[in-house]
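# Architecture at a glance
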Amino acid sequence: WSGDIPASPGVSRHHGVTLAQATEPANAPQPAAAASAALAWTFDAAQPGASAGWTAERGTLTLGPGEARIQPDRNRRIVLVSPPGLPDAARDADAFVLGLSGTGLERVRIQARRDARGGWITIADASGNALRETADGFVIKRGPAARGAPIERLRFEITWRTTTVRPLTRIAINPASR
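Here the focus is the overall build of the protein. Broken down by element type, the protein carries zero helices and 15 strands. Counting across all 178 residues of the protein, residues that qualify as buried make up 45%. Long-range pairs, those at least 24 residues apart, make up 70% of the contacts in the protein between residues at least 6 apart in sequence. Roughly 8700 Å² of accessible area belongs to the protein as shown, and the carbon and sulfur atoms make up 50% of that amount.

Printed below as a string of structure tokens:
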């Protein structure tokens, strides 16, 4: 997968982040065999004070013109947590794209939880050559565990070589090909 986000007929804005999903709305009837579409959050400069439910559990996340600015903590880590109630398409995730550029990325671990009371389960973990950089950012492939299970929320733990502030332009989820 190239990391490109497909054109999406439905785009909604929610507190400074644009969420695009290239399928019908979640409540629309879907053919059983239809593949889920990519999901993408792009950070919108029109509302720099909000983040559509994305929060930084460690480090800081600040919206700015056309991007979020993330700064790792003193241990060189930032942990980003998605808003709750992700669409069903998240369960079919095959790859994740972090719209980051530059050098110094050491590791990305992605965890999911099935419900608000559940614990975090690692669904992707990449470092070194497994962190593939594309024009859209870094692509992290999902591991084989827990596919098809509901995903209520995602957690991205990102480790850097330094604590430098970095731009984040998007977070995307690409479903598996069927």
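What follows concerns the nonpolar core. Counting residues in hydrophobic clusters, the biggest one holds 34 residues, and the most contacted among them are Leu154 and Phe156. If we ignore the near neighbours within four places in the chain, the residues touching Phe156 are Trp54, Ile78, Val79, Leu80, Phe96, Leu98, Arg109, Ile110 and Ile171. Of all hydrophobic cores here, the second largest spans five residues; its members include Ala40, Ala95, Val139 and Ala172.

With respect to the helices and strands, the residue Trp160 is situated in strand β13 (residues 153-160). With relative accessibility at 1%, the residue Trp160 sits in the buried group. Each C-alpha atom, one on Trp160 and one on Val108, is 9.2 Å from the other, the two residues being 52 residues apart in sequence. Apart from residues lying up to four places away in sequence, Trp160 is in contact with Pro72, Arg76, Ile78, Leu100, Thr103, Gly104, Leu105, Glu106 and Arg166.

Attention now moves to the sheet that holds strand β9 (residues 105-113). Two pairing modes exist for strands in a sheet, parallel and antiparallel, and in both the strands are linked by backbone hydrogen bonds. Pairing in this open sheet of five strands is antiparallel, and the strands run β4-β7-β13-β9-β10 from one edge to the other. The open sheet is flanked by β4 (55-58) and β10 (121-127), the only strands paired with a single partner. In this sheet, adjacent strand axes meet at a mean angle of 20 degrees when their direction is disregarded. As paired strands, β9 and β13 are joined by eight bridges and run antiparallel to one another. Paired with Arg113 across the two strands is Arg153, which belongs to β13.

Right, let's talk about the packing of aromatic side chains for a bit. For the structure on display, the rule yields three aromatic pairs. Aromatic side chains Trp54 and Phe156 sit 5.9 Å apart centroid to centroid with 55 degrees between the ring planes, which places their arrangement in the tilted category. Residue Trp54 is found in the loop between β3 (39-43) and β4, and its partner Phe156 is found in strand β13; the two are separated by 102 residues along the sequence. In this pair, the class of Trp54 matches that of Phe156, namely buried. Through a chain of ring-to-ring contacts, the aromatic side chains of Trp41, Trp54, Phe96 and Phe156 assemble into a single cluster.

Turning our attention to the pattern of salt bridges. Scanning the model with the defined rule gives 11 salt bridges in all. As a salt-bridge pair, Glu57 and Arg155 come within 2.6 Å of each other at their nearest N and O atoms. Of this pair, Glu57 sits in strand β4 while Arg155 sits in strand β13, and the two are 98 residues apart along the sequence. Relative accessible area serves as the criterion here: at 46%, Glu57 is assigned to the partly exposed category. Using a relative accessible area of 11% as the deciding quantity, one classes Arg155 as buried.

Here is what the cut-offs are and how they apply
- Residues numbered from 1 in each chain as written.
- Predicted model: local features only at pLDDT ≥ 70, side-chain atom pairs only at ≥ 80, totals over all residues.
- Heavy atoms only, no water.
- Helix = DSSP H or I, 4+ residues; strand = E, 2+ residues; numbered from the N terminus.
- Buried < 20%, exposed > 50% of the residue type's maximum accessible area, 1.4 Å probe, protein only.
- Contact = heavy atoms within 4.5 Å.
- Areas by Shrake-Rupley, 256 points an atom, 1.4 Å probe, with all protein chains shown as cover.
- Core = buried A, V, L, I, M, F, W, Y, C linked by side-chain atoms within 4.5 Å.
- Pairing = 2+ DSSP bridges.
- Axes fitted to C-alpha atoms, helices over the stretch in contact; angles between N-to-C directions.
- Phe/Tyr/Trp six-rings, centres within 6.5 Å; stacked < 30°, edge-to-face > 60°.
- Salt bridge = Lys/Arg side-chain N within 4 Å of Asp/Glu carboxyl O.

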